[in-house]
Amino acid sequence: MPHYWITRTIIVVSLLLPFRILAQLEPDSAQVNLYFPQLADGGNPAQTWQTSFVFTNSSTTLPALCLLSTFNDSGGPLALDLGTGLQSRQSFTIPPLGRKTLRSLMASRSTVTGWAYAACNIPVQGTVLFRQITNGVPQVEISAPASLPSPIYRSAANRSLGVALVNVYSVPITINLQAFDTDGNQVGSRDFTLCALCHTSFNLSSFSDSFPRDFEGTVVLRSSEPPAVFSAWTLNAERGLLSSLPSGGVSWPGGHIDKIWQAYRKILAAASQINPTVDLSSTRLDIQSSPVINAWATRDGTIHITLALAELIADSPSELASVIAHELGHIAWFKTGQLLYNPANPELDADAAGMISSLAAGYDPYASAGAMGKLMMITNRTDLFSQAFDNLNDPHTSFSNRMGALFATLQQACSSPAAQSICAQYRNLVHPSFPPSIPLALPKPNN
Ligand SMILES: [Zn+2]
C-alpha cells in the first residue's frame, strides 16, 4: 500500500483560519533588505541636495519594523538629520497599509554623499527622492527605487551619465565598467576598486581618458573575480537635464543572501500569524558559505541554509521559501514537542507545516516539489529510496513519497470547509487556469 502515511496525516485545518493570504501578496519591488546606492544632503545655497526615503507597507495586518543605516563614502557611519537629530541608524515602524517618510534636513554646509541600507521584518517598498534646491527654491526631484545588489548592472548611457556604486561586503571588491557605442562596439573600460562598505559616485565625463568625448550607448558594470554582487544606480543627464533610469541589475543569478532573507522573513511572519501560540520570535537564520547542498534546523531555534542550496533553488523564490518553511516546521516541533500534521514522521510533518506557511506567505505551495526535484537531480538520487537530504531521525522516506504526502495535505486542506475560501483566494489569483480536479483549482462553474 503506497503512501500509507497519507491516511494518518492529521490536518489541523483550524490553523488555517486566522490569517489572510491576500495580505501577503506585496508589490514586486517590496523587499526586506533595501539598498539605496546614493544619497546626497546639504550644500551651499546655490546648490543644496535633500534626500527623502519613502517606505510603504502593503501588509493589511502586520506592522513593518525597519532599521535604516546610512554610510559615508568611506564605508563608515554617516550621521544624517532625518528629523530626529544627527544619527546614522534610525529605527521606525510602518503601520499596516501605512507609509513612513524620512526627509533629510540639509544640515551640512557642503554636500555629503553616501548610501543607505534598510532592513525590515516584512517586505516593504522603498523609494529614495533626491531634490535639488537653488536659493531655497526646489528645481528638480529624481526618484529611484530601492534595489538589491547584483553581479551585473546594465544601463543606457552617454558621456554625462551619473553612476553610483556601493560595495556591500566587508572586504574590498573591484568593479569593471565597460562602455559600448550605439552599434554595440566596446569603446572604453575602467576598473573601480571599492573598500569595504564604500561608496563612489561620478560622471562618465570625469574619465575622459577611458571614454570617447561624444560617447553615447550603454554601460555594463561587472564585478571582477571572484564574482561579487554590488549595489549600483545610474542617472541620465543630458544638457543639464536630469532623469531617472530603470534599475539595471540582473534578477538572477544575484544576491542569494538577500533572497534567503526575503523568504525567511516572509515565512516567519506567516508562520507566526498562523499559529500565534508557538513562539517563533527567537528563531535565527544562519547562512553558510559552504559547498554542501543542505538546509537544516537545530534545537536552539536556528535555521541553517548553505549558499550552495540557495544557488540551486533561488531562481524560484517559492522553492527557496519551501525549504526555509520546512525547517521552520522542525523548529515549531522543537519548541512545542508536538508533531501537528503527522505524528509518525517529522519530515512529513515539517513538509506539511512548511507548505501551509508557504501558502500563507503568498508562495506557491507546489514549489516544494520543484525544490525536491532539483535535489533529486543534483544528487543523482532519482530512485525512490535513496534520498537522504535533511532527514531527521531517519524517517525512511523519499522525495517522491514526500511529494505525494504534500499533495494529499494540500488536497485535504483545500477540501475542508474551513480552508476553502483561502484556497479559492489563492487559486483565483495564482492558478486560475488549473484543471478543476486538483487542489487549488477553480471550482466547477455552477450551471
Ligand atoms: Zn527536515
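Residues numbered from 1 in each chain as written. Predicted model: local features only at pLDDT ≥ 70, side-chain atom pairs only at ≥ 80, totals over all residues. Heavy atoms only, no water.

A. Geometry of the overall build of the protein chain. Looking only at helices and strands, the protein chain features 7 helices and 20 strands. Looking at the protein chain as a whole, 52% of its 447 residues qualify as buried. Within the protein chain, contacts between residues at least 6 apart in sequence are counted, and of these 73% link residues at least 24 apart. Accessible surface for the protein chain amounts to roughly 19900 Å². Of this, 54% is attributable to carbon and sulfur atoms. (Helix = DSSP H or I, 4+ residues; strand = E, 2+ residues; numbered from the N terminus. Buried < 20%, exposed > 50% of the residue type's maximum accessible area, 1.4 Å probe, protein only. Contact = heavy atoms within 4.5 Å. Areas by Shrake-Rupley, 256 points an atom, 1.4 Å probe, with all protein chains shown as cover.)

B. The arrangement of the packing of helix α3 (residues 317-336) against helix α5 (residues 367-378) in detail. One can describe the packing of α3 onto α5 by two numbers: an axis separation of 8 Å at closest approach and a directional angle of 85°. Taken together, the axes of α3 and α5 are roughly perpendicular relative to one another. Contacts from Ser318, Glu319, Ser322 and Val323 in α3 reach Ala367, Ser368, Gly370, Ala371 and Lys374 in α5. When its residues are assigned to classes, the contact of α3 with α5 shows 3 nonpolar, 4 polar and 2 charged. (Axes fitted to C-alpha atoms, helices over the stretch in contact; angles between N-to-C directions. Parallel < 35°, antiparallel > 145°, perpendicular 65-115°, else oblique. Nonpolar A, V, L, I, M, F, W, Y, C, P; charged D, E, K, R; others polar.)

C. Fine view of the sheet that holds strand β10 (residues 152-158). A sheet is described by the order of its strands in space; here 4 strands give the open sequence β10-β15-β12-β13, paired in antiparallel fashion. Here the strands that pair on one side only, and so sit at the sheet edges, are β10 and β13 (186-194). For this sheet, the mean angle separating the axes of adjacent strands, direction not counted, is 20°. Inspection of the sheet shows β10 paired to strand β15 (residues 216-223) by 7 bridges, in the antiparallel sense. Note that in β15 the partner of Ala156 across the bridge is Thr218. (Pairing = 2+ DSSP bridges.)

D. How the structure looks around the side chain of Ser150. By secondary structure assignment, the location of Ser150 is in the loop between β9 (137-145) and β10. Among the polar contacts made by the side chain of Ser150, one reaches the main-chain carbonyl oxygen of Ile152 at a distance of 2.5 Å. The contacts of Ser150, once residues within four sequence positions are left out, are Ala228, Val229, Phe230, Gly249 and Val250. (Polar contact = N/O pair within 3.5 Å; in protein donor to acceptor, adjacent residues only side chain to side chain.)

E. Spotlight on a nonpolar patch on the surface. On the surface, Leu25, Leu429 and Val430 cluster together into a nonpolar patch covering about 220 Å² of accessible area. Position of Leu25 among the secondary structure elements: in the segment before β1 (31-44). Leu25 gets classed as partly exposed once you look at its relative accessible area, which sits at 33%. (Patch = residues over 30% accessible without salt bridge, like charges linked within 9 Å, V, L, I, M, F, W, Y side chains within 5 Å. Salt bridge = Lys/Arg side-chain N within 4 Å of Asp/Glu carboxyl O.)

F. Expanded view of empty space enclosed by the protein. In this structure the tally under the stated criterion is 6 cavities of 30 Å³ or more. Every residue lining the largest cavity is counted, 20 residues in all, and those nearest its centre are Ala271, Gly329, Ala332, Tyr341 and Ala353. Of all elements in the fold, only α1 (256-274), α3 and α4 (346-360) reach the threshold of two or more residues within the lining of the largest cavity. With 6 residues, the top contributor of residues to the lining of the largest cavity is α3. Taken together, the residues that form the lining of the largest cavity break down as 13 nonpolar, 6 polar and 1 charged. Estimated volume of the second largest cavity: approximately 150 Å³. If you go around the second largest cavity, you meet 20 residues; those closest to its centre are Ser322, Val323, His326, Ser368 and Met372. When residues in the lining of the second largest cavity are grouped by element, the largest group, 5 residues, is from α4. (1 Å grid on protein atoms, 1.4 Å probe; cavity = no way out; pocket = protein on both sides within 12 Å on 5 of 7 lines; lining within 4 Å. Points joined across faces, edges and corners; volume = space filled by probe spheres on them.)

G. Region of the structure containing α4. Between the first and last C-alpha of α4 there are 21 Å, a value that for 15 residues agrees with the 21 Å anticipated at 1.5 Å per step. The opening residue of α4 is Asn345, an N-cap whose side-chain oxygen sits 2.9 Å from the backbone nitrogen of Glu347. Following α4 by one or two positions, Gly362 has its phi on the positive side, about 90°. (Expected span 1.5 Å × (residues − 1).)

H. How the structure looks around the pattern of salt bridges. Applying the stated criterion to the full structure yields 7 salt bridges. Taking the shortest distance from any N to any O, the salt bridge between Arg402 and Glu347 comes out at 3.8 Å. Note that Arg402 is positioned in helix α6 (residues 399-415) and Glu347 in helix α4, a separation of 55 residues in sequence. Judged by relative accessible area, which is 0%, Glu347 ranks as buried. Because the salt bridges share partners, they merge into one network encompassing Asp315, Glu319 and Lys374.

I. Focus on unusual backbone geometry. A positive phi angle, close to 55°, is found at Met106, a residue other than glycine. Along the chain, Met106 turns up in the loop between β7 (99-103) and β8 (112-134). Assessed through its relative accessible area of 28%, Met106 is described here as partly exposed. For Asn135, which is not glycine, the phi torsion reads 50° and is therefore positive. Mapped onto the elements, Asn135 comes out in the loop between β8 and β9.

J. Seen up close, the layout of surface pockets. Approximately 890 Å³ is the volume found for the largest pocket. Residue lining of the largest pocket: 35 residues in total, with Asp28, Ala30, Gln31, Leu148 and Ser251 positioned closest to the centre. The set of elements that each furnish at least two residues to the lining of the largest pocket consists of α1 and α3. Classifying every residue of the lining of the largest pocket by side-chain character gives 16 nonpolar, 13 polar and 6 charged. One number sums up the size of the second largest pocket: a volume of about 580 Å³. Along the walls of the second largest pocket sit 23 residues, with Val168, Tyr169, Val229, Gly255 and Ile257 positioned nearest its centre. For the lining of the second largest pocket, the secondary structure elements donating two or more residues are β1, β8, α1 and α2 (307-313). For the lining of the second largest pocket, the leading source of residues is α1, giving 3 residues. Each residue belonging to the lining of the second largest pocket can be placed in one class, and the counts come to 15 nonpolar, 6 polar and 2 charged.

By themselves, these are just geometric observations and shouldn't be taken as functional.
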